[in-house]
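# Residue-level structural notes
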Amino acid sequence: MDRAGVTDTNDTRMASRPSVKLEVHVEDWFDAVIPRVHRLPYEPWFKPVLDRLLALLRQHHVSGTFYVLGARAFGWPGLAQELAAHGHALGSHGFYHAPEEREGDAWDRATRRLLPACIGYRAPYWQGQVRPGMAGGVFFRLLPYAWLKAEVQRHGVLYLHPHDLEPRPWHFPEPLRRKVFLCRPWERLERLLTELEF
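Calculation notes
- Residues numbered from 1 in each chain as written.
- Predicted model: local features only at pLDDT ≥ 70, side-chain atom pairs only at ≥ 80, totals over all residues.
- Heavy atoms only, no water.
- Axes fitted to C-alpha atoms, helices over the stretch in contact; angles between N-to-C directions.
- Helix = DSSP H or I, 4+ residues; strand = E, 2+ residues; numbered from the N terminus.
- Parallel < 35°, antiparallel > 145°, perpendicular 65-115°, else oblique.
- Left-handed = near helix turned anticlockwise from the far one by under 90°.
- Contact = heavy atoms within 4.5 Å.
- Salt bridge = Lys/Arg side-chain N within 4 Å of Asp/Glu carboxyl O.
- Buried < 20%, exposed > 50% of the residue type's maximum accessible area, 1.4 Å probe, protein only.
- Pairing = 2+ DSSP bridges.

### Remarks on the packing of helix H7 (residues 145–155) against helix H9 (residues 185–195)
For any two helices packed against each other, the geometry comes down to the angle between their axes and how far apart the axes lie. One can describe the packing of H7 onto H9 by two numbers: an axis separation of 11 Å at closest approach and a directional angle of 45°. Between H7 and H9, the crossing angle belongs to the class labelled oblique. Seen from above, H7 lies across H9 with right-handed handedness. Across the interface between the two elements, Tyr145, Leu148 and Lys149 of H7 pack against Arg188, Arg191, Leu192 and Glu195 of H9.

In structure tokens, the structure reads:
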């Protein structure tokens, strides 16, 4: 499959309502800040957050595409299989979350070998691909809920990272920390899952 071509699941929908695709980029916050740190363990909140996310999606009968870093799949045996067992599609997010020209095809092939039935590629930093506006990521916590929902509807996608749901986002700059802490990310995610058709 062409690395630029991305295939998602979520193809069974009610025809009368616009559907929204869900993407989860499986990385820790520092993977995007200091790539090639795959030997660092996940933050202690990471696994509970991911488990809670999987349970919430199961409760709402929502499946999506989880784009997994190869380094994280390598360092967490069984991660990809666990995601697939919950009914989610798997895609590559690169190996180190580095720009494509720094990783090359060899790293992409290594990542795909770690992911059963890998269906596509989502470039780190959306390099060479179209970013769906402010329909997720850091904007998931920063935007007022109505604005976020409108962005998700406009682009037809919600993209998340586990650290977007982190209970104590200490890695945010201090002026933003209180705002993102108070936004109640789990409540707004449940509202989106309830109010929109995924």
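### Some words on the pattern of salt bridges
Inspection of the entire model under this criterion finds seven salt bridges. We note a salt bridge from Glu195 to Lys149, for which the minimum N-O separation is 2.9 Å. One end of the pair, Glu195, is in helix H9; the other, Lys149, is in helix H7, and 46 residues separate them in sequence. One salt-bridge network, held together by shared partners, links Lys47, Asp51 and Glu82.

### Considering the environment of Leu53
Mapped onto the secondary structure, Leu53 falls in helix H2 (residues 46–59). The buried category is assigned to Leu53, whose relative accessible area is 2%. A C-alpha to C-alpha distance of 9.9 Å links Leu53 and Val24, two positions 29 residues apart in sequence. The residues touching Leu53, leaving out its near neighbours within four places in the chain, are Val24, Phe66, Leu165, Trp186 and Leu189.

### Observations concerning the sheet that holds strand E2 (residues 65–68)
Overall, parallel pairing links the five strands, which are arranged E4-E3-E2-E1-E5 in an open sheet. What marks the edges here is a single partner per strand, and that holds for strand E4 (118–121) and strand E5 (157–160). Adjacent strand axes in the sheet meet at a mean angle of 30°, parallel and antiparallel pairs treated alike. Taken together, the four bridges between strand E1 (residues 21–26) and E5 define a ladder with parallel strand orientation. Considered in E5, the bridge of Val24 is made with Leu160.

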